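Architecture at a glance
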Amino acid sequence: VFIVNDMLRFCLGSQQGLFRVLKAYTQFRPDEGYCQGQGPVAAVLLMNMPAEEAFWCLVQISEHYLPGYYSPLLEGVLLDSRVFSSMLKRACPLAARHLRKHGVEPLMYLTDWLMCMYSRTLPFNTLLRIWDLFFCEGVKVLFRVAVVLVRMALGSSEKTKECDGQMETLEQLRTINVKNLHEDAFIEEVCAVSVSEREVQRETEKELEAWRSEKPHSPFDPRGRCHGYRAAWEQGLQEEEERKRRETESGNLTLPHSPARQPSSSSSGGLKKPRGGSRSQLDFLRAGVRKERREGRKDE
């Protein structure tokens, strides 16, 4: 809604690029195919990078950051809606009680937020700041944003009194005042929400246990998902160590690669608005997909 003008200008010049990226993903993962929620995500990526890089970034998001979000059964969204429901009870009990009272399930309002990564909800400048945080810290940022949006809509008794039914409550969640979504103030509120990676993992474990009791044959398991750039860097180191171990065992030794430089702790802020020629955390994602790009070309 808020980025419609930017999207229109983008589509006039890059509609074919968007089509190519989404079609490439269906060929890369034919078992999953195209999911409508990937369209807005790919469009925002194309606003920041060439089509090939946007494709590999979409692969990273779909497979490592948000596994199961775009699968045929949407297992990732279904499970994370349960995780968020538990978090909301602690973060904003008034809103949680109101939603439960009027039968408003998390999936009724959370699906679009999560699958599109708020690209159809937030103003464009605010969206880019949120994505910076997401690539730094992972899915917990999406949960924090959802908590802030629900608080803005239903965080006081005055606001809940205005919504005396399910439809009124959903409309309140869909029509948050844009003045409250200005990037600086909004980011400050998001960062103030107490949702840690450990809490996300704990709630995921709990909900996954219930999930498996209901769906014993489901192979879905999101516990290995990427929780930000540092986790991606550590995963890369582990894969490199595993590769060296296999080569040592097979006797096929190669020259060692240059050691990866550990990102400094100060680089995880991601809160400063890019200016001029400065770059955002999307550039980290570009670097992170090089390995998959090389592997994809080898498979060809």
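Note that the structure is predicted; figures quoted are calculated from it, not measured. (Residues numbered from 1 in each chain as written. Predicted model: local features only at pLDDT ≥ 70, side-chain atom pairs only at ≥ 80, totals over all residues. Heavy atoms only, no water.)

1. Points about the overall build of the protein
- Regarding its fold elements, the protein presents 15 helices and zero strands.
- Counting over 300 residues, the protein shows a buried share of 47%.
- Within the protein, residue pairs in contact and separated by at least 24 positions form 76% of the contacts whose partners lie at least 6 positions apart. (Helix = DSSP H or I, 4+ residues; strand = E, 2+ residues; numbered from the N terminus. Buried < 20%, exposed > 50% of the residue type's maximum accessible area, 1.4 Å probe, protein only. Contact = heavy atoms within 4.5 Å.)

2. Description of helix H12 (residues 197–214)
- For H12, with 18 residues, the first-to-last C-alpha span of 25 Å sits near the 26 Å given by 1.5 Å per residue.
- When H12 is considered as a whole, its buried residues turn out to be Glu199, Val200, Glu203, Thr204, Glu207, Leu208 and Trp211. Looking straight down H12, one finds its buried side chains confined to an arc of 155°; they lie on one side. Residues of H12 that are exposed and point more than 90 degrees away from the buried face comprise Arg198, Glu209 and Ser213.
- On the buried face of H12, the contacting elements are helix H4 (75–91) and helix H8 (140–154). (Expected span 1.5 Å × (residues − 1). Arc of directions from axis to C-beta.)

3. Topic: helix H13 (residues 229–250)
- Counted at 1.5 Å a residue, the expected span for H13 with its 22 residues is 32 Å, and the 32 Å between its end C-alpha atoms agrees.
- Among the residues making up H13, those that are buried are Tyr229, Trp233, Arg243 and Glu247. End-on view of H13: buried residues confined to an arc of 80°, all on one side of the axis. Away from the buried face of H13 by more than 90 degrees, exposed residues Gln238, Glu241, Thr248 and Glu249 are located.

4. Here we look at the packing of aromatic side chains
- Applying the stated criterion across every chain yields a total of eleven aromatic pairs.
- Between the aromatic rings of Phe55 and Trp56, the centroid separation amounts to 4.8 Å while the plane-to-plane angle is 65°, which identifies the pairing as edge-to-face. Comparing Phe55 with Trp56, the two get one shared label, buried.
- When the ring centre of Trp211 is taken as reference, the NZ or CZ atom of Lys215 above it lies at 5.1 Å. (Phe/Tyr/Trp six-rings, centres within 6.5 Å; stacked < 30°, edge-to-face > 60°. Lys NZ or Arg CZ within 6 Å of the ring centre and 35° of its normal.)

5. Here's the deal with the nonpolar core
- Residues Leu66, Tyr109, Tyr118 and Phe186 are the most contacted members of the largest nonpolar core, which totals 74 residues.
- At twelve residues, H8 tops the list of elements feeding residues into this core.
- In this structure, Tyr109 is in contact with Phe84, Leu88, Leu99, Val104, Val150, Leu170 and Leu173, ignoring residues within four places of it in sequence. (Core = buried A, V, L, I, M, F, W, Y, C linked by side-chain atoms within 4.5 Å.)

6. Quick notes on the side chain of Gln38
- With respect to the secondary-structure elements, Gln38 resides in helix H2 (residues 38–46).
- Once residues lying within four places of it in the same chain are set aside, the contact partners of Gln38 are Leu22, Tyr25, Gly33, Leu58, Ser62 and Tyr70.

7. Remarks on the environment of Ala54
- Within the secondary structure, Ala54 sits in helix H3 (residues 51–65).
- What makes Ala54 buried here is its relative accessible area of 0%.
- Through-space distance from the C-alpha of Ala54 to that of Ala42 is 6.7 Å; in sequence the pair is twelve residues apart.
- Excluding anything up to four places from it in sequence, Ala54 contacts Val21, Leu45, Leu46 and Met49.

8. Quick look at the packing of H4 against helix H6 (residues 106–115)
- At their nearest, the axes of H4 and H6 sit 10 Å apart, and the two run at 115° to each other. Viewed along their axes, H4 and H6 adopt a mutual orientation that is roughly perpendicular. Every pair of crossing elements has a handedness; the one defined by H4 and H6 is right-handed. Contacts between H4 and H6 involve Val77, Leu78, Asp80, Ser81, Phe84, Ser85 and Leu88 from the first element and Pro106, Leu107, Tyr109, Leu110, Thr111, Leu114 and Met115 from the second.
- Its residues assigned to classes, the contact of H4 with H6 comprises ten nonpolar, three polar and one charged. (Axes fitted to C-alpha atoms, helices over the stretch in contact; angles between N-to-C directions. Parallel < 35°, antiparallel > 145°, perpendicular 65-115°, else oblique. Left-handed = near helix turned anticlockwise from the far one by under 90°. Nonpolar A, V, L, I, M, F, W, Y, C, P; charged D, E, K, R; others polar.)

9. Looking at the confidence of the model for the protein
- Confidence in the prediction of the protein, expressed as mean pLDDT, is 82, and 79% of residues score 70 or more.
- Taken together, the stretch residues 258–281 has pLDDT below 50 and engages in 31 contacts with residues farther than four places along the chain or on a different chain. (pLDDT = per-residue confidence, 0-100.)

10. A short note on the side chain of Arg129
- Turning to its location among the elements, Arg129 is positioned in helix H7 (residues 124–137).
- Taking the relative accessible area as the measure of exposure, Arg129 reaches 7% and is therefore buried.
- Within polar-contact distance, the side chain of Arg129 engages the side chain of Asp184 at 3.4 Å. (Polar contact = N/O pair within 3.5 Å; in protein donor to acceptor, adjacent residues only side chain to side chain.)

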